[in-house]
Amino acid sequence: VGLGCGAAMTGFSAAVPWIGMAAAVLTTICWLPQAVRLIRHKDTRAISLWTNLTFIAGLICWLTYGIALADWPLIGANAVSIVFTSIIIAMKLRYG
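Below is a summary of the structure that appears in this document. (Residues numbered from 1 in each chain as written. Predicted model: local features only at pLDDT ≥ 70, side-chain atom pairs only at ≥ 80, totals over all residues. Heavy atoms only, no water.)

### Considerations on the packing of helix α2 (residues 32-41) against helix α4 (residues 72-95)
Argument step 1. Between α2 and α4, whose axes approach to 9 Å, the crossing angle comes to 30°. The orientation of α2 with respect to α4, classified from their angle, is roughly parallel. In this structure, α2 meets α4 at a crossing whose hand is left-handed. Between α2, through Leu32, Gln34, Ala35, Leu38 and Ile39, and α4, the contact on the second element is made entirely by Phe84, Ile87, Ile88 and Met91.
Argument step 2. For the contact of α2 with α4, the residue count by class is eight nonpolar, one polar and no charged. (Axes fitted to C-alpha atoms, helices over the stretch in contact; angles between N-to-C directions. Helix = DSSP H or I, 4+ residues; strand = E, 2+ residues; numbered from the N terminus. Parallel < 35°, antiparallel > 145°, perpendicular 65-115°, else oblique. Left-handed = near helix turned anticlockwise from the far one by under 90°. Contact = heavy atoms within 4.5 Å. Nonpolar A, V, L, I, M, F, W, Y, C, P; charged D, E, K, R; others polar.)

The values reported here are purely geometric and, on their own, carry no functional implication.
Here it is, written out as structure tokens:
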């Protein structure tokens, strides 16, 4: 640590869990307006099924990773995102 930034890194290290939780919350709730809009309007023409299927596969991988690490912010964020994305996929399959 010969750069003289030990105290700064300690402060940053303390903030890392909060940064992770903020990222988890923001990237999870971003799907809520889309899911609500699809439920209300039932218009899915602009939604890509393949994009959402690929995305949910990635979410399942992240959830599995989070479970393996027992990382609750990672588990929670991805579990909720899976629910929202599942709604989007279900609406796309139902309404085209």
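The structure having been displayed, the exposition proceeds.
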